[in-house]
Amino acid sequence: MTEPHTSREEDPLPDPADPQEAAYRALHAERAALEEELTLQQQRQRFGSTEQEIASARATECSLLKDLDRVLTMIRAAEVRRQQPTARRWQ
């Protein structure tokens, strides 16, 4: 018995030289870097030795969360464009 083909199998592999694919990968790299920095700031808050260091880490975390939200929104939009290339765009 053969397995039915899914649409994922029929899609060609993304070309890393494609500018849109490069931008998509860059967004994921930025997301990973932000998540790593967020972890560091959370550890600084938890194990900081001074109130000033803890407050600074809290402020930095707030800024990083805003940046992460922006990047995740852009990733979601890019994923929609990848799945539905002829979909209507909101402007």
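Structure: above.
The model shown is predicted, which means the values in this text are computed figures rather than measured ones.

What about the overall build of the chain?
Part 1 of the argument: Scanning the chain from terminus to terminus reveals 3 helices and 0 strands.
Part 2 of the argument: Ordered by position from the N terminus, the helices and strands of the chain form the series α-α-α.
Part 3 of the argument: Of all 91 residues assigned to the chain, the portion counted as buried reaches 18%.
Part 4 of the argument: A sequence separation of at least 24 residues applies to 57% of the contacts in the chain between residues at least 6 apart.
Part 5 of the argument: By element, 53% of the accessible surface of the chain is carried by carbon and sulfur atoms, the whole surface being about 7,700 Å².

Examining the side chain of Glu61
Part 1 of the argument: With respect to the helices and strands, the residue Glu61 is situated in helix α3 (residues 51–83).
Part 2 of the argument: Lacking a salt bridge, the buried Glu61 has Arg58 as its closest oppositely charged neighbour, with an N-O distance of 6.0 Å.
Part 3 of the argument: With residues near it in sequence (within four places) discarded, Glu61 still touches Leu38, Gln41, Gln42 and Gln45.

Section: helix α2 (residues 19–47)
Part 1 of the argument: Compared with the 42 Å implied by 1.5 Å per residue over 29 residues, the 42 Å span of α2 between its first and last C-alpha is a close match.
Part 2 of the argument: When we look at burial in α2, the residues that qualify are Glu21, Tyr24, Leu27, Leu34, Leu38, Gln41 and Gln45.
Part 3 of the argument: Where α2 is buried, its residues contact α3.

Thresholds applied
- Residues numbered from 1 in each chain as written.
- Predicted model: local features only at pLDDT ≥ 70, side-chain atom pairs only at ≥ 80, totals over all residues.
- Heavy atoms only, no water.
- Helix = DSSP H or I, 4+ residues; strand = E, 2+ residues; numbered from the N terminus.
- Buried < 20%, exposed > 50% of the residue type's maximum accessible area, 1.4 Å probe, protein only.
- Contact = heavy atoms within 4.5 Å.
- Areas by Shrake-Rupley, 256 points an atom, 1.4 Å probe, with all protein chains shown as cover.
- Lys, Arg positive; Asp, Glu negative; His and termini not counted.
- Salt bridge = Lys/Arg side-chain N within 4 Å of Asp/Glu carboxyl O.
- Expected span 1.5 Å × (residues − 1).

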